[in-house]
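Chain by chain, the residues:
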Amino acid sequence: MKYFFFILSACLLCACGESFLDTRPSVRQRVPESLADYIALLDNTGTMSVSSHALGMIGGDELYLTEPSYNTFPTGVNYNYQKRAYTWEKQIFEGGETYKLDWNDGYKRILWANLVLDGIGSLSLSAGDKAIAEQAKGMALFHRAWNYYNLAQLFCPVYEQSAASTSVGLPLRLEPDLTIRIGRSNLDETYRQIIADLEAAKDVLPIETVTIFRPNKAAALALLSRIYLQMGNYQQANEYADQCLALSNELLDYNTVDVNMPLSFTPLAAGNPEVLFLATLSGQMTGYLRILTTPFILVDIDLYHSYEVGDIRREAYFLESSDGNFGYKGSYDATSYSYFTGMATDEVYLTKAECAVRLGDIPTALAAVNNLRKHRFLPDTFVAWDIQDADELLDSILAERRRELVFRGTRWEDLRRLNKEPRYAKTLTRVVGDRTFTLEPGSSRYIWPIPLEAIQVGGYEQNER
C-alpha cells in the first residue's frame, strides 16, 4: 500500500501523464518487487537519462532569438514560461504547466532512485545477487546526487561557503514515502547530501558498465570534481579529476570524424570514448521545449567567432544559414533534439586544467588543456599553448571551457560561479525590438522560481526574484 501511494503521488506531483514504468512493459502495471525490476527502473532511459537543464540553457548566453522568432513563438501555458525564462522575468510560471519542467521531472527521478534504494534494501538476496544489488544501489545513489546537484544549480543560490548554512537549499527527500512532509534544507545540507551519495556510489559502481546510460565509477568521480569546482574547492576538484582520469582518460580525435554528420561525432554516438555517463536534456523537444529547437534559437555570434581557424569544432558544431546567422548542430539529431548533458572526459580535462592553474601548477594546466586541444584541431594548424602568466592562462582555459562544453548544460552554472569573481563577472543582455533585458552578476534572477503547484503541494518557501 505504501508503494502504491508512492506511485500515485509521484505521477500526480510530477504532472507527467506517463504510466509509472511506461517504457518497460515487463513491469508495467505492477509494483517493482524483484532485483531485476529495480534495475529495470534505473534503466528506464526515457526518465532516468533525462536531465534538469532546460531553464539554465534557456537563460544562458550561448543562444539568442531573433525578433520574428520571439514574436511568433507559440503561446499557451506550456510555452509561455519558456519565453519568460528567455528574458529572465520575475514571474516565470503561471500555473498548470506540464511540459518537461526541470523541478517536476528532477524530483520524479529522485523518487524513483529512492524507491530503488528502499526496495532493494528489503529484498532477500542470494549471495550471487548481493554484488549486483550493491551496484544497483550505487546507480540509484548516483542518480539521486546527479538530480539534486542539477536542481541546486537552478533553484538554489550559488554556493558560498560562508553563507551556505544560512542560504536556502532543496527539499531533501531520501525515501519514497510522500506522506512525510519535508521543508527546504539549507544549502550546506544540500551539498553535503549530494557529496555523501556520490562518495557511497563511487565505492560500489563498476569501472565498466554494459551501457553508457548507466553511470560508472569514473562518472561519479567526474561529478564530484564538477561539484567541488562549483564550490570553489579547487584542491578537491583537482584530486577527483585525477582519480577520474586514472580510470578513463581517452579523448575523441575530431580529425577522425565526419563533421557533416552530427551523429558521427556527437557524444550521443555509440563508441565515443569520452562519454562516462549519457544523459540528455530532453527528447522530442519539438513538442515540449520548443524554444531550444533549431527553428528558433541561433548561436551567440561572439561565441561562434571565438573558434580559431583550424578548430574542427567550428564546422562540427555549427551551421551557417542563408541569412548569415548560425545554428547549432553538434549535440542532437534533426528528429529528437536531445542535447548531451552527461559526463565526459573532455570536461574533466578542463576542470583539471583550471584547478591546476588556480593552484599554481602552470605546467600541469598546460599539459591538460593542450592534450584536449590537439584532439580538436587540424594537425597542421594546432599550436600548443605556452602561456606562463597565470591570469592569462586562466582566461584562456575558461574561454576554452566555453567553446568545448557548448550547449552541454554547464554554461549556466559556470556563469553563476564565475560571477563571484569580479574579473569574470558578466552582465547578460537580450534585445527584442526596442526592449533590452539584462541579467546582472549576482542577481536573484539567477535562481529560478519553483513551479506553483510544487509550492502549493509541498508548502515550500518560494525563491525571491
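Before reading further, recall that the structure is shown in the block above.
Here's a quick rundown of the structure. (Residues numbered from 1 in each chain as written. Predicted model: local features only at pLDDT ≥ 70, side-chain atom pairs only at ≥ 80, totals over all residues. Heavy atoms only, no water.)

## Comments concerning the packing of helix α9 (residues 187–202) against helix α10 (residues 217–231)
Here α9 crosses α10 at 155 degrees, and the two axes come no closer than 9 Å. Classed by the angle they form, the pair α9 and α10 counts as roughly antiparallel. Regarding α9 and α10, the two cross each other, and that crossing is left-handed. Together, Y191, I194, I195, L198, E199 and K202 of α9 and K217, A220, L221, L223, L224, I227, Y228, Q230 and M231 of α10 make up the contact between the two elements. Split into classes, the residues belonging to the contact of α9 with α10 amount to 11 nonpolar, 1 polar and 3 charged. (Axes fitted to C-alpha atoms, helices over the stretch in contact; angles between N-to-C directions. Helix = DSSP H or I, 4+ residues; strand = E, 2+ residues; numbered from the N terminus. Parallel < 35°, antiparallel > 145°, perpendicular 65-115°, else oblique. Left-handed = near helix turned anticlockwise from the far one by under 90°. Contact = heavy atoms within 4.5 Å. Nonpolar A, V, L, I, M, F, W, Y, C, P; charged D, E, K, R; others polar.)

## Digging into the environment of L223
Inspection of the secondary structure puts L223 in helix α10. Along the backbone, L223 and I195 are 28 residues apart, and their C-alpha atoms lie at a distance of 9.3 Å. Each residue touching L223, except ones within four places of it in the same chain, is listed here: F142, W146, Y149, L198 and M343.

## Some points on the pairing of strand β10 (residues 435–439)
Examined bridge by bridge, strand β9 (residues 428–432) and β10 share 5 bridges and lie antiparallel to one another. Of the residues in β10, the one forming a bridge with V431 is T436. (Pairing = 2+ DSSP bridges.)

## With respect to the environment of G46
Assignment of secondary structure puts G46 in helix α3 (residues 45–48). According to the relative accessible area criterion, G46 is partly exposed, its value standing at 38%. When the C-alpha positions of G46 and S282 are compared, they lie 8.9 Å apart, and in sequence the two are 236 residues distant. (Buried < 20%, exposed > 50% of the residue type's maximum accessible area, 1.4 Å probe, protein only.)

## Here we look at the pairing of β9
Working note: regular strand, side chains alternate between the two faces of the sheet. What you see with β9 is a clean split: L428, R430 and V432 sit on the buried side and T429 and V431 on the side with no burial. Here β9 folds back onto β10, and the loop between the two strands holds 2 residues, one of which, G433, carries a positive phi near 65 degrees.

## A closer look at the packing of α10 against helix α17 (residues 411–418)
Between α10 and α17, the shortest axis-to-axis distance is 9 Å and the interhelical angle comes to 35 degrees. Of the residues in α17, those touching α10 at R226, L229 and Q230 are E413, R416 and R417. Each residue belonging to the contact of α10 with α17 can be placed in one class, and the counts come to 1 nonpolar, 1 polar and 4 charged.

## Topic: helix α15 (residues 362–374)
With 13 residues, α15 extends 18 Å between its outermost C-alpha atoms, agreeing within 8% with the 18 Å of an ideal straight helix rising 1.5 Å per residue. Taken residue by residue, α15 has I362, A365, L366, A368, V369, N370, L372 and R373 as its buried positions. Summarising the contacts, the buried residues of α15 are in contact with α14 (345–358) and α16 (390–404). (Expected span 1.5 Å × (residues − 1).)

## Side note on the pattern of salt bridges
With the rule as written, the count across this model stands at 30 salt bridges. The salt bridge involving R402 is made with D61; its shortest N-O contact spans 3.4 Å. Here D61 lies in the loop between α4 (54–59) and β1 (63–65) and R402 lies in helix α16, a separation of 341 residues in the sequence. The residues R402 and D61 share a single accessibility class, namely buried. (Salt bridge = Lys/Arg side-chain N within 4 Å of Asp/Glu carboxyl O.)

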